[in-house]
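Chain residues, written in single-letter form:
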Amino acid sequence: LGAAMNQSVRTAWVPHLVGESQLLNALSLNSIAINATRLVVPVFIGILIGIFGVGIGYITSSVAYALIIVSTYLIHPAEAHTSITKVSVVDQLLEGLRFLSSDKLVFSLILVRLGPLAFAFSYMTLLPIMASDVLGMGSGGFGGLMSAGAIGALIGGLTLAFRSNILRKGRLLLIAGLSYGIVLIVLGGVPWSFLAFLIIPLAGACQTVFRTSNNAVILETTPSRLQGRIISMTLFDTAIAPLASIFVGFIADSINVSIAIIFAGALCFTLVSGVALWEPKIRRI
């Protein structure tokens, strides 16, 4: 619950901190911070635990979290002030749902996320099995694959962060989503570990570019007063992801892990293609 509220508010706040021309860059920097944390923090905390014990690891994490909260509290953007109306939570929720049901473009932008961020992302749950059963690697090899994905995500985020405003963000998110599906289809057929280390960074990059550009387009096409509510609805893919993992895992058990990853990639490609055909406006924004 806390993570859902935090992510929605934090993402919806970004347009109030930067101009529209810098929105994609700002969201990219947020992605860079998340993926850099995945790479650096576990190593740092592991060293502290090795030297001082588990307790110091929890204390350090808590202090770092508190510093982040304090630094966020000190931000006072002038444009973040909105009119406060005495409307019930239920009425606000219904207003957001009415907007979503009446705006085909925004609904499509949320629907298309299910491909890359729910079904395709489920390949992460299959990586341990792929590393051991298909590629013949141990826990160290699996950790290397995870790090390779994070490195790819960092590269994708950095590429967007240092680009000037991209005019066709909708086209960019479709290309990233379709590429994500193709990359997973190729990954499912990989028989050698060195090829997996080359392909998985591409998956990480595609996922980051898709998520960032999708969030940017949603924020740009949603009225300011509704941005928080609509961004919260994008977390639907997070809710679907565990169910997608169960479904893909069932395929891995019934057939094999390679077919399951190929299926996840094909489903991602199909969903993104279907939404692109259903709502052609995405390609023009």
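Refer to the structure presented above.
A. Looking closely at the packing of aromatic side chains. This structure, assessed with the given rule, holds four aromatic pairs. Its end group placed over the ring of Trp278, Lys104 keeps NZ or CZ at 4.7 Å from the ring centre.

B. Representation of the side chain of Arg113 within the structure. Within the fold, Arg113 resides in the loop between helix H5 (104–111) and helix H6 (114–119). For Arg113, a relative accessible area of 2% puts it in the buried group. A polar contact is formed between the side chain of Arg113 and the side chain of Asn214, at a distance of 2.7 Å. A polar contact is formed between the side chain of Arg113 and the side chain of Asn215, at a distance of 2.9 Å.

C. Structural context of the pattern of salt bridges. What the rule picks out here adds up to four salt bridges. Salt-bridge contacts for Asp237 lead to Arg113; the nearest nitrogen and oxygen are separated by 2.9 Å. A residue pair is termed long-range when its members are at least 10 positions apart, and Asp237 in helix H12 (residues 236–254) and Arg113 in the loop between H5 and H6 qualify at 124 residues. The burial state of Asp237 is the same as that of Arg113; both residues are buried. A cluster of three or more residues bridged by salt bridges with shared partners is formed by Glu95, Arg225 and Arg229.

D. Up close: the packing of helix H7 (residues 123–134) against helix H13 (residues 257–278). Orientation of H7 relative to H13, taken along the N-to-C sense of each, is 140 degrees, at an axis distance of 10 Å. Between H7 and H13, the crossing angle belongs to the class labelled oblique. When you trace H7 past H13, the crossing you get is left-handed. Residues Leu126, Ile129, Met130 and Val134 of H7 touch H13, and the partners they reach there are Val257, Ser258, Ala260 and Ile261. In terms of residue class, the contact of H7 with H13 is made up of seven nonpolar, one polar and no charged.

Conventions we followed
- Residues numbered from 1 in each chain as written.
- Predicted model: local features only at pLDDT ≥ 70, side-chain atom pairs only at ≥ 80, totals over all residues.
- Heavy atoms only, no water.
- Phe/Tyr/Trp six-rings, centres within 6.5 Å; stacked < 30°, edge-to-face > 60°.
- Lys NZ or Arg CZ within 6 Å of the ring centre and 35° of its normal.
- Helix = DSSP H or I, 4+ residues; strand = E, 2+ residues; numbered from the N terminus.
- Buried < 20%, exposed > 50% of the residue type's maximum accessible area, 1.4 Å probe, protein only.
- Polar contact = N/O pair within 3.5 Å; in protein donor to acceptor, adjacent residues only side chain to side chain.
- Salt bridge = Lys/Arg side-chain N within 4 Å of Asp/Glu carboxyl O.
- Axes fitted to C-alpha atoms, helices over the stretch in contact; angles between N-to-C directions.
- Parallel < 35°, antiparallel > 145°, perpendicular 65-115°, else oblique.
- Left-handed = near helix turned anticlockwise from the far one by under 90°.
- Contact = heavy atoms within 4.5 Å.
- Nonpolar A, V, L, I, M, F, W, Y, C, P; charged D, E, K, R; others polar.

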